Amino acid sequence: MSDAIKTSGLSFRQSVDHMVDRAIQIMKLDTGVANAMKACTSVLQVTFPVEIRGKIEVFTGWRAVHSIHRLPSKGGIRYATSVDQMEVEALAALMTYKCAIVDVPFGGSKGGLFIDPGKYSRDEMQRITRRFARELAEKGFLNPATNVPAPDMGTGQREMAWIADTYKHLNPNDINYIACVTGKPVAHGGIRGRTEATGRGVQYALREFFRHPDEVKAAGLDGGLAGKRIVIQGLGNVGYHVAKFLSEEDEAKIIAIIEHDGVIMNEDGIQVQQAYYHKSETGGLKGFAGAKYSPAGDKALEMECDILIPAALEGVIHKGNAGNIKAKLIAEAANGPVTFGADAILRKKGVAILPDAYLNAGGVIVSYFEWIRNLTHIRFGRLQRRFDEARGQHIVTALEMLGNTTIPDWIRNELVRGADEFDLVRSGLDDSMRLSMQEIIEQRNRNSDIDDYRTAAYVIALTKLSRSYLDLGVY
Ligand code: GLU
């Protein structure tokens with residue numbers, strides 16, 4: 001748990017609950033139903049020994065299941081020294097709301113292992129991960145039908161492949177073993193587009209936001225994404241992809257990137273790919289040639305800019321700095337970057353916030369596609385791609401014959417191209433992000449008690465959840 005959250009007096013879990021409470025009050029939900037929806041269904045804590053360099057080390061991990069109204073329960077596994085039970089529970093709750101907001105038919109879950117991954121070799125990480133996976137599988141917290149993890153902070157494709165393989169060896173008769181975890185490498189049952197998915201989802205969400213001039217104006221902005229001055233915190237998987245896509249495809253300017261060792265700034269726009277290479281080579285941003293460097297990373301959150309994108313830790317915008325934030329729009333690519341106290345200050349200031357439970361849902365949306373791909377045992381597009389190409393070719397031929405003309409190459413190429421898995425994943429992700437944003441905007445504008453996107457998003461989630469609780473009854 002970050003110091004910021006500690007000093008605000010609320011745990012991350014309480015911060016999330018308080019934000020949800022605002023929606024509960026507006027909806028006048030029955031207290032019993034509300035409490036049932038907020039509570040975590042079950043939490044597993046495991047402690048296990050692994051021999052590291054001739055010595056036994058003991059590791060502690062958690063997996064919290066927040067909801068089971070839909071199965072499997074879904075959510076990442078985090079490797080960090082900030083992990084504790086409270087954090088995992090808060091993140092599991094966020095997963096429930098996230099899935100409901102973007103219409104992914106899963107319950108919410110989250111896991112975490114207290115570990116500093118930087119201290120261990122690849123082989124050690126493999127042994128630790130396989131042991132953790134075994135603990136989870138044996139206790140019913142890893143299963144394609146009921147609980148499906150994914151990457152999160154400190155984990156990636158490699159860990160997911162080890163987890164899937166461990167589950168397979170424990171359950172050789174489960175024909176769907178590969179669906180026990182998502183975010184796997186493509187060669188091991190993963191789906192194209194999963195690694196970039198969260199960042200891509202943030203891009204699609206921002207594009208949709210800027211298609212609504214009234215919302216853009218209400219946030220004190222105008223025009224589209226082109227030329228917008230953006231500050232990004234975190235150049236990990238999510239931050240890197242968001243920064244790259246927005247600068248390379250939407251002509252936005254990344255004027256600052258904040259990392260653990262400080263901030264780099266350039267008013268003309270930072271070359272994100274170069275900064276990413278620099279970070280991969282040196283471990284930080286210091287010494288990057290294409291921008292000015294300062295060690296005062298936290299202070300840079302308060303820089304004058306159009307859009308601030310926290311894409312790293314929770315609780316980085318808190319009561320202590322919320323009043324100084326100058327961004328007009330905050331896009332919560334991380335989970336829980338704005339505390340409950342900070343949220344109130346920012347709302348009063350009129351800063352628009354696109355909330356985490358919606359904005360970073362791209363990861364779980366594409367995880368959903370991966371899970372379906374694994375259950376159907378076929379790559380998306382495999383059956384129809386060549387058929388669509390042949391049909392496109394017929395259309396081109398027919399148009400050319402009828403018009404007695406030749407269709408320009410660029411149109412022909414588009415028409416005769418069948419969609420591959422990448423295209424379909426991006427199209428499905430774009431659709432989900434767009435529709436959910438439209439729903440959130442509509443909800444906010446329809447209800448005069450709601451003045452922010454977060455509450456609107458939670459009202460949408462709770463409406464779906466409470467319907468499911470009330471329809472099925474409490475059992
Ligand atoms: N860890 C990601 C999240 O917090 C992805 C979860 C998933 O794909 O299940 O949303």
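Residues numbered from 1 in each chain as written. Predicted model: local features only at pLDDT ≥ 70, side-chain atom pairs only at ≥ 80, totals over all residues. Heavy atoms only, no water.

Participant: Would you explain the sheet that holds strand β9 (residues 262-265) in this entry?
Facilitator: The pairing of strands in a sheet happens through backbone hydrogen bonds and is either parallel or antiparallel. If you walk across this open sheet you meet the seven strands as β10-β9-β8-β7-β11-β12-β13, and the pairing is mixed. Each edge of the sheet is formed by a strand with only one pairing partner; in this case those strands are β10 (292-294) and β13 (352-354). Going across the sheet, the axis of each strand differs from the next one's by a mean of 20 degrees, ignoring polarity. Pairing of strand β7 (residues 229-233) with strand β8 (residues 253-259), which is carried by five bridges, proceeds in the parallel orientation. Within the sheet, the bridge partner assigned to Ile230 lies in β8 and is Ile254. (Pairing = 2+ DSSP bridges. Helix = DSSP H or I, 4+ residues; strand = E, 2+ residues; numbered from the N terminus. Axes fitted to C-alpha atoms, helices over the stretch in contact; angles between N-to-C directions.)

Participant: Can you walk me through the confidence of the model for the protein in this structure?
Facilitator: Should pLDDT be low for a region, the predicted coordinates there are not to be read in detail. When pLDDT is averaged along the protein, the result is 95; 98% of the residues meet or exceed 70. Throughout residues 1-7 the model reports pLDDT below 50, and contacts reaching past four residues in sequence, or to other chains, amount to 15 contacts. (pLDDT = per-residue confidence, 0-100. Contact = heavy atoms within 4.5 Å.)

Participant: Would you mind showing me how to read the side chain of Glu89 here?
Facilitator: Summarising the element assignment, Glu89 is placed in helix α4 (residues 85-101). Look past the residues within four positions of Glu89 in its chain and what remains in contact with it is Arg13, Cys40, Val43 and Ala64.

Participant: When you look at the site of the ligand in this model, what are you seeing that I'm missing?
Facilitator: Taken together, 14 residues are adjacent to the ligand, and Lys74, Lys98, Lys110, Asp152 and Ser367 come closest. Arg194 is positioned with one of its side-chain polar atoms (N or O) 3.0 Å from an oxygen atom of the ligand. Measuring from an oxygen atom of the ligand, one finds a side-chain N or O atom of Asn335 at 3.4 Å. Within the complex, 95% of the 300 Å² of free accessible area of the ligand lies under protein. When contributions to the shell around the ligand are tallied by element, the ones reaching two or more residues are α4 and α15 (362-376). (Near = heavy atom within 4 Å. Polar contact = N/O pair within 3.5 Å; in protein donor to acceptor, adjacent residues only side chain to side chain. Areas by Shrake-Rupley, 256 points an atom, 1.4 Å probe, with all protein chains shown as cover.)

Participant: Just checking my understanding: could you explain the packing of aromatic side chains for this structure?
Facilitator: Ring pairs (aromatic) are described by centroid distance and by the angle formed between their planes. Per the stated rule, a full pass over the model turns up 10 aromatic pairs. Geometrically, the ring pair formed by Tyr97 and Tyr458 is edge-to-face, given 5.3 Å between the ring centres and 75 degrees between the ring planes. Within this pair, whereas Tyr97 is found in helix α4, its partner Tyr458 is found in helix α19 (residues 453-472), the two being separated by 361 residues in sequence. Linked through ring pairs, Phe48, Phe59, Tyr120 and Phe132 together constitute an aromatic cluster. (Phe/Tyr/Trp six-rings, centres within 6.5 Å; stacked < 30°, edge-to-face > 60°.)

Participant: Sorry if this is basic, but what is going on with the pattern of salt bridges here?
Facilitator: In a structure, side chains of opposite charge can pair up when their charged atoms sit close to one another. Counting across every chain of the model gives 42 salt bridges. Taking the shortest distance from any N to any O, the salt bridge between Glu389 and Arg386 comes out at 3.1 Å. Remark: Arg386 and Glu389 occur in helix α16 (residues 385-403); sequence separation between them is three residues, near one turn of the helix. Connected through salt bridges with shared partners, the residues Arg22, Glu332, Asp343, Arg347, Asp356, Asp452 and Arg454 form a single ionic network. (Salt bridge = Lys/Arg side-chain N within 4 Å of Asp/Glu carboxyl O.)

Participant: I'm lost on the packing of helix α3 (residues 31-38) against α19 in this one. Help?
Facilitator: Relative placement of two packed helices is described by the angle separating their axes and the distance separating the axes. Viewed as axis vectors pointing N to C, α3 and α19 meet at an angle of 105 degrees, and their least axial separation amounts to 10 Å. Relative to α19, the element α3 is oriented roughly perpendicular. Judged by residue contacts, Val33, Ala36 and Met37 of α3 engage Leu462, Leu465, Ser466, Tyr469 and Leu470 from α19. The residue inventory of the contact of α3 with α19, partitioned by class, reads seven nonpolar, one polar and no charged. (Parallel < 35°, antiparallel > 145°, perpendicular 65-115°, else oblique. Nonpolar A, V, L, I, M, F, W, Y, C, P; charged D, E, K, R; others polar.)

Participant: How should I be thinking about the environment of Tyr276 in this particular structure?
Facilitator: Within the element layout of this structure, Tyr276 appears in helix α10 (residues 272-282). In the structure, Tyr276 is positioned 108 residues away from Lys168 in sequence and 35 Å away in space, judged by C-alpha atoms. Each residue touching Tyr276, except ones within four places of it in the same chain, is listed here: Leu235 and Tyr240.

Participant: So what exactly am I meant to see when it comes to the pairing of strand β1 (residues 42-52) here?
Facilitator: Taken residue by residue, a regular strand's side chains alternate between the two faces of the sheet. Relative to strand β2 (residues 55-65), β1 is paired through 11 bridges, and the arrangement is antiparallel. Residue pairing in the sheet places Ser42 in a bridge with Val65 of β2. Connecting β1 to the next strand, β2, in antiparallel fashion are two residues, including Arg53 with a positive phi near 45 degrees.

Participant: So what exactly am I meant to see when it comes to the state of the cysteines here?
Facilitator: Should the sulfur atoms of two cysteines be covalently bonded, the bond is a disulfide. Applying the stated criterion across every chain yields a total of zero disulfides. Its sulfur unpaired, Cys40 is 14 Å from the next cysteine sulfur, which belongs to Cys99. Accessibility expressed as a relative area gives 18% for Cys40, which makes it buried. (Disulfide = S-S within 2.5 Å. Buried < 20%, exposed > 50% of the residue type's maximum accessible area, 1.4 Å probe, protein only.)

Participant: Help me understand unusual backbone geometry in this model?
Facilitator: Peptide bonds are mostly trans, and most non-glycine residues show a negative phi. Put simply, Leu71 and Pro72 share a cis peptide bond, and its omega is 5 degrees. Tracing the backbone shows Pro72 in the loop between β2 and β3 (73-74). At Lys28, a residue that is not glycine, the phi angle is positive and equals roughly 55 degrees. Relative to the helices and strands, Lys28 is located in the loop between α2 (12-27) and α3. Judged by relative accessible area, which is 69%, Lys28 ranks as exposed. The residue Glu251 is not glycine, and still its phi comes out positive at about 60 degrees. Along the chain, the position of Glu251 falls in the loop between α9 (237-249) and β8.

Participant: So what exactly am I meant to see when it comes to a nonpolar patch on the surface here?
Facilitator: There is a patch of nonpolar side chains on the surface, built from Ile395, Leu399 and Leu415 and spanning about 230 Å² of accessible area. Inspection of the secondary structure assignment puts Leu415 in helix α17 (residues 409-415). Among the residues examined, Leu415 registers a relative accessible area of 33% and is labelled partly exposed. (Patch = residues over 30% accessible without salt bridge, like charges linked within 9 Å, V, L, I, M, F, W, Y side chains within 5 Å.)

Participant: Please explain the pairing of β2 as it appears in this structure.
Facilitator: Across five bridges, the pairing between β2 and strand β5 (residues 107-114) is antiparallel. Residue pairing for β5: Ala64 is matched across the bridge by Lys110.

Participant: Looking at this structure, I do not really get the side chain of Asp306. What am I missing?
Facilitator: Along the polypeptide, Asp306 turns up in the loop between α11 (297-300) and β11 (307-310). In this view, Asp306 contacts Leu221, Gly227, Lys228, Arg229, Ala327, Lys328 and Leu329; residues no more than four positions away in its chain are not counted.

Participant: Explain the nonpolar core here, please?
Facilitator: Across soluble globular proteins, you tend to see nonpolar side chains buried next to one another. By size, the foremost hydrophobic cluster in this structure holds 88 residues, and its most contacted members are Tyr97 and Ile309. Among the elements that take part in this core, α19 stands out by supplying 10 residues, more than any other. Among residues more than four places away in sequence, those in contact with Ile309 are Leu206, Ile230, Val231, Ile232, Gln233, Val242, Leu246, Ala331 and Ala333. Leu113, Met125, Phe141 and Ile163 belong to the second-largest nonpolar core, a separate cluster that totals 27 residues. (Core = buried A, V, L, I, M, F, W, Y, C linked by side-chain atoms within 4.5 Å.)

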